[in-house]
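Letter by letter, the chains look like this.
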Amino acid sequence: MAQQQRQRGRIQLAPENHISAEQYAAARSARRGFIRAALGGAAAAGGALLGGAAAAQPAVEIRPGASNGLGAPVVANGYGMPSKHEASVIRRISPGLTRTDQSSVSFTPLQSLFGIITPSGVHFERHHSGAPEIDPEQHRLMIHGLVRRPLILTMNDLMRYPSVSRIHFIECGANSGMEWGNVATPSVQYTHGMLACSEFTGVPLSTVLDEAGIDRAKSKYILAEGACGSHLTRTVPIAMALDDVLLVYGQNGEMLRPENGYPLRLLVPGVQGVSSVKWLRRIEVGDAPWNTREESLHYIDLMPDGTHRQYTWVQEVKSVITSPSGGQKLLDRGYYEVTGLAWSGRGRIRRVDVSADGGRNWRTARLQQPVLPKALTRFRIDWSWDGSPALLQSRAVDETGHVQPTINQLRAVRGSRSIYHNNKIHTWRLAASGEVSNVQLG
């Protein structure tokens, strides 16, 4: 049946995006009642982010392709796959960051995702020596060091412990690293895509450490080691280990994927991703940091006075607008919902402000529930584009009062030779043509 539709705005998505401009417009038109109300209220209030409305669009006839016949059969004895029309929603590799196929990074398509959960199949990857193939029946986890009863546990042993499921983000310490050097990568997939958020299932590490009988008087740190070819190892403070650290075997309702650590990984919530060691095989309890390769030569901060800040665990408060974002194009003036993600390794997000003029004026966005500690939070705000150039920014504040800084504020403390831990306010430049690109403002 033909249906009259009003369209307030359209976005031409970047090449890696997953839906057409027509599909995007159809989804927008379904919200026409809410949009009219939002625009009407904004016109009365004179909001900084809201302006005039767009003109009506021609009638559209909706006729699904399978409406006159049988569709595909039920999938039997198979694993469900996305639609063929979503084939561009994939992890992507940046050639500039690839040393070898095994020591590389792939980026999450943040611009194509909804809500806060990252599908396991597009969770970013960071490997130092490739993803090993591990038989869970043969895998063992050893707990030793300053403990009274060293343990060697099978996967069956671990899965008999009482389990918990929690939603947390994982962010690589090098996420947004190219932005330190004023490298304008084209899309949010490349600026912020070393980031994902999942529901993880596993055993609290504290439960296993209690069974091993750690020496609480002497124990200060643990060392986690993976079963990959690089034997990646990371030091974690005992206070974290006894708090919310998990021994994880499940992700988003199923077993971990091989690239995400199957059959067992450590999860250290809110801490740079390298500490959440994949393919976990050993935990040693000790009284001092181990100063291993990945914490002496990499994942360190070069400070202005020339010293290295060696142990930077917490990922500080951060946010980014995912739509509209780099590589996309606004095709019409009128209403848009600006949306993005915010997160903090210190806890919950308390507020996100959005600016369309490069930070001169700010409005507070809506936070989509749930708002969880050390998890991604989706924010949204109504905006009507009048066709003028704009500078879109988001600024997050966490529950501890930490505020996301500008790049100049960050450089005043950290200098200009950093690679890791860039949580600056990000800017997308919207041109009068509707094209969105990556720029950097102080």
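Check the entry above for the structure.
Attention in this report is confined to the structure presented alongside it. Going along each chain's sequence as written, the residues are numbered from 1 onward. Only residues with pLDDT of 70 or above have their local features reported here, since the model is predicted, and side-chain atom pairs are shown and tallied only from 80 upward, although totals for entire chains, interfaces and linings are computed over all residues. No hydrogens and no water enter the side-chain calculation; it runs on all heavy atoms of the structure.

## A look at the packing of aromatic side chains
- Any Phe, Tyr or Trp ring, taking Trp's six-membered ring, that has another such ring centre within 6.5 Å forms a pair; planes under 30 degrees apart are called stacked, those over 60 apart edge-to-face, and the others tilted. Counted according to the given criterion, the structure contains 3 aromatic pairs.
- An angle of 65° between the planes, with centres 5.3 Å apart, marks the rings of Phe107 and Tyr190 as edge-to-face. Of this pair, Phe107 sits in strand S5 (residues 104–107) while Tyr190 sits in helix H5 (residues 188–192); the two residues are 83 residues apart in sequence, bridging distant segments of the chain.
- Three labels apply to residues, based on accessible area from a 1.4 Å probe with only protein chains included: buried if under 20% of the type maximum, exposed if over 50%, partly exposed otherwise in between. Residue classification places Tyr190 among the buried positions, given a relative accessible area of 19%.
- The criterion for a charge sitting over a ring is simple: Lys NZ or Arg CZ within 6 Å of the ring centre, and within 35 degrees of the ring normal. The ring centre of Trp362 lies 4.1 Å from the NZ or CZ of Arg395, which sits over that ring. Under the scheme used here, helices are H or I runs from DSSP no shorter than 4 residues and strands are E runs no shorter than 2 residues, and both carry numbers assigned from the N terminus.

## Focus on the environment of Lys424
- Within the secondary structure, Lys424 is located in the loop between helix H9 (407–414) and strand S27 (427–430).
- Overall, the relative accessible area of 4% leaves Lys424 in the buried class.
- Along the backbone, Lys424 and Ser394 are 30 residues apart, and their C-alpha atoms lie at a distance of 9.9 Å.
- If sequence neighbours within four positions are ignored, Lys424 has contacts with Glu179, Gln404, Pro405, Thr406, Ile407, Leu410 and Gln440. Note on contacts: a residue pair qualifies if any of its non-hydrogen atoms lie within 4.5 Å across the two residues.

## Digging into the layout of surface pockets
- Here the term cavity refers to a set of points on a 1 Å grid, laid over the protein atoms alone, in which a 1.4 Å probe fits but cannot get out; the term pocket refers to an open set having protein on both sides within 12 Å along at least five of seven lines, with lining residues being those that place an atom within 4 Å of a point. Grid points are joined across faces, edges and corners, and a volume is the space filled by probe spheres set on the points. Looking at the largest pocket, its volume works out to about 660 Å³.
- Taken together, 27 residues line the largest pocket, and the ones lying closest to its centre are Arg99, Arg126, His298, Ile419 and Tyr420.
- Of all the elements in the fold, those that place two or more residues in the lining of the largest pocket are S5, helix H4 (177–180) and helix H8 (293–296).
- Charged means Asp, Glu, Lys or Arg here, nonpolar means Ala, Val, Leu, Ile, Met, Phe, Trp, Tyr, Cys or Pro, and polar covers whatever is left, Gly included. Split by residue class, the lining of the largest pocket holds 13 nonpolar, 9 polar and 5 charged.

## Some details on the pattern of salt bridges
- Throughout this description, the term salt bridge denotes a Lys or Arg side-chain nitrogen within 4 Å of a carboxyl oxygen of Asp or Glu. Per the counting criterion, the structure on display carries 20 salt bridges.
- Among the salt bridges present, the one from Arg395 reaches Asp353, with a minimum N-O distance of 3.1 Å. Linking Arg395 in strand S26 (residues 390–398) with Asp353 in strand S22 (residues 349–355), this pair joins segments that are 42 residues apart in sequence.
- Among the residues examined, Asp353 registers a relative accessible area of 4% and is labelled buried.
- Salt bridges linked by common partners bring Glu225, Arg281, Arg282 and Glu284 together as one network.

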